[in-house]
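Structure at a glance
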Amino acid sequence: MRYVWISLLLIILVFAVVFSAFIGSVRISPIKILEIYGSQIPFISTYIPHNFTSVQYEIIEQLREPEILGGLVVGASLGIGGAAVQSIFRNPITEPYIIGLSSGASLGAVMTIVLGLSFLGFYTMQVSAFAFALLAVFIVYFFALRGGKAHPTYLLLTGVAMSFFISAIVALLLFSNINLQGEAFFWLLGSLEDITWTLLYPVALVVIITSLVIYSLYRELDAMQMGDHHARSVGVNVERTKKLAIFMVALGVSASVSISGLIGFVGLVMPHLSRILFGGSNKYVIPTSGLLGAIFLICADDIARGLVTGVVIPIGIITGIVGAPFFLYFMRKLTGGRYEG
Amino acid sequence: MKVKLQGVRYRLPNFSLGPIDMDVEPGKIYVVMGKNGSGKSTTLKLIHGDIRPSEGTVLVDGVDASKIGFIQLAKKIAFVWQEIYNPLSFTVKDVMNVSGYSRDADEDDIFKALSVLGIERFIDRDFNLLSGGEKRLVTIAAALYQDSEIIIMDEPTNFLDIDNQILVYNLIRDLRNSGKTLILTLHDIDAIHNISDYVLILKDGMEVAKGPTRETLNVQNLRKAFNVPFYTYDTVNGKSFVGAMK
Ligand SMILES: Nc1ncnc2c1ncn2[C@@H]1O[C@H](COP(=O)(O)OP(=O)(O)O)[C@@H](O)[C@H]1O
Ligand SMILES: [Mg+2]
């Protein structure tokens, strides 16, 4: 039964990817879009009629495809990262951002905007956001270490404190450069609009690899939900797992945040949705949180692009306004006391 | 499989344990007893290698416990923890699977382990929604499923009703008779008397007495570790027991 639902999610994801290209300020007929898709597939392309203009091809291939697939990659990494982090912390209200990631990424991004850095050309901001996000996680992790062990509670508190600290620095930077707030504002609210193939390829590669590693740790992460002591006594190398999982989450989510900006809610909520639908074992929670995150973000981006013609609403606003009420409704309907006790 | 504690000490800022010397022989039931905070749980954690001694060594089959690989150690020692944490959302079966980490998964064995505790009907229930006693039974079943040579249980009868207490005591005896080694902490003096082979009595982190239960669990030794009055009584079948005035 579980596998039927998982297959269904996969089908929904494919549909979301295909049909999201229909949405946008320039109208291109669905038939043409399907033709454009077909023309990109080797071997099949010769059998496909080419009734579209090169401008239409450009719009789909250069603008919409990377944005949609970017939503897939970013959403999946947030969902998977959320599932891992919640297991490590044994805490349902954590998400990947909590280990210093989001504030670190903000600092990296805002610094390049405010200081006008461009040492790496077009992608200075993304690279800097990625580097600072990773750096912040490392600092949090090593600060939380006591006698070679990173206790979940210390890790969490250190992450929260560090996030406050870095966010304050970000605020200070913005405060002293009022005219640049607009630009930073959009990054802070998150957007998939600026994702290009050049950005997407490396990030997708990182997200795929880190997700596979995280998935390979599902039994260890399950055990850690019973407490670090318990996990150790059933044979899990808890500290190694924690280190590896946190590093993989940091790598994957930093990479995706660097191209999308801060998109909240997905990392927090998708793992819960997946636990409600598929049960609590990470064998299912990790992959389905990724699937749900991808579907959710692609759909949220459709709304962001399609709601008001000519305006792209920052996606972070959509995930909050649309996602939260939906989740609250769902949680009341279905949990049946799961989180009580 | 043997465990040997040699001059083991463990120091914390406000508590110090030991020196403790102990030889754990296979196929016996050991009970560590003493007041709350006397160092029982700490002793069990030292045996398990969960914490390392400040001084002395813990040898498991002649090897330093801290040098044994995690999986290897899990095959030798299972631990029923005093505190039970709530996972985010697990069924009883998920909890059992966690304890199968060091062995080949086997659905039948999960079912068997639960049946031993009479809780096979819980298998698909939400673990977090079980009562304290029911959770305790599940964690004991999980330790059985882990199928290690030694089982450590920290206050395994906490929260259990009298039927389930007897069930667990009988199980502990059965496990011993099937060749397993058990290291427990218990508070019930009658039970300790009835089921254990050896006792270690602690007070404020110090050994006050240890040895075969029959010789060691007497009024003098208990007075060293506890403050309440004790008495000896005879049962109908001619055995004598110690007990506290309740
Ligand atoms: N990690 C720790 N830090 C400080 N004190 C501790 C720690 N672990 C145990 N203690 C203290 O050591 C004493 C013995 O604890 P424990 O072995 O758990 O006692 P018990 O005999 O009740 O199981 C207690 O006073 C406890 O507060
Ligand atoms: Mg204790």
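This text follows the structure it describes.
Residues numbered from 1 in each chain as written. Chains lettered and ligands numbered in written order. Predicted model: local features only at pLDDT ≥ 70, side-chain atom pairs only at ≥ 80, totals over all residues. Heavy atoms only, no water.

Helix and strand counts for chain A stand at 14 helices and two strands. Scaling as 2.2 N^0.38, a compact globule of 341 residues should have a C-alpha radius of gyration of about 20 Å, and chain A matches this with 20 Å. With respect to the three principal axes, the spread of C-alpha positions in chain A is 65 × 55 × 40 Å. As presented, chain A carries roughly 15,100 Å² of accessible surface, and 72% of it is formed by carbon and sulfur atoms. The average position of the 18 basic charges and that of the 16 acidic charges among the side chains of chain A differ by 14 Å. (Helix = DSSP H or I, 4+ residues; strand = E, 2+ residues; numbered from the N terminus. Rg over C-alpha atoms; globule rule 2.2 N^0.38 Å. Areas by Shrake-Rupley, 256 points an atom, 1.4 Å probe, with all protein chains shown as cover. Lys, Arg positive; Asp, Glu negative; His and termini not counted. Charge placed at Lys NZ, Arg CZ, Asp CG, Glu CD.)

So, about the pattern of salt bridges. All names here are of chain B. Inspection of the entire model under this criterion finds 18 salt bridges over all chains. A salt bridge links Glu55 to Arg11; the nearest nitrogen and oxygen atoms lie 3.0 Å apart. Placement of Glu55 in strand S4 (residues 55-60) and of Arg11 in strand S1 (residues 3-12) is noted, with a sequence separation of 44 residues between them. Judged by relative accessible area, Glu55 falls into the partly exposed class, the value being 36%. (Salt bridge = Lys/Arg side-chain N within 4 Å of Asp/Glu carboxyl O. Buried < 20%, exposed > 50% of the residue type's maximum accessible area, 1.4 Å probe, protein only.)

This part is about the pairing of strand S8 (residues 181-185) of chain B. All names here are of chain B. Burial of S8 is extensive: five of the five residues sit out of reach of the surface. Burial of the side chains of S8 extends over both faces: Thr181, Ile183 and Thr185 are buried on one face and Leu182 and Leu184 on the other. Pairing between strand S3 (residues 29-34) and S8: four bridges, direction parallel. If you follow Val32 over to S8, its bridge partner there is Thr185. Pairing of strand S7 (residues 150-154) with S8, which is carried by five bridges, proceeds in the parallel orientation. Opposite Ile150, over in S8, you have Thr181 as the bridge partner. (Pairing = 2+ DSSP bridges.)

Here we take up the packing of helix H1 (residues 2-20) of chain A against helix H13 (residues 282-306) of chain A. What describes two packed helices is the angle between their axes and the distance between those same axes. Residues and elements named next belong to chain A. The N-to-C vectors of H1 and H13 enclose an angle of 25 degrees; their axes lie 10 Å apart at closest approach. Looking at the two axes, H1 sits roughly parallel to H13. When the axes of H1 and H13 are compared, the crossing they make is left-handed. For the pair formed by H1 and H13, the contact residues are Arg2, Tyr3, Ile6, Leu9, Leu10, Ile12, Leu13, Ala16, Val17 and Ser20 on the first element and Lys283, Tyr284, Thr288, Leu291, Leu292, Ala294, Ile295, Ile298, Asp302 and Arg305 on the second. Its residues assigned to classes, the contact of H1 with H13 comprises 14 nonpolar, two polar and four charged. (Axes fitted to C-alpha atoms, helices over the stretch in contact; angles between N-to-C directions. Parallel < 35°, antiparallel > 145°, perpendicular 65-115°, else oblique. Left-handed = near helix turned anticlockwise from the far one by under 90°. Contact = heavy atoms within 4.5 Å. Nonpolar A, V, L, I, M, F, W, Y, C, P; charged D, E, K, R; others polar.)

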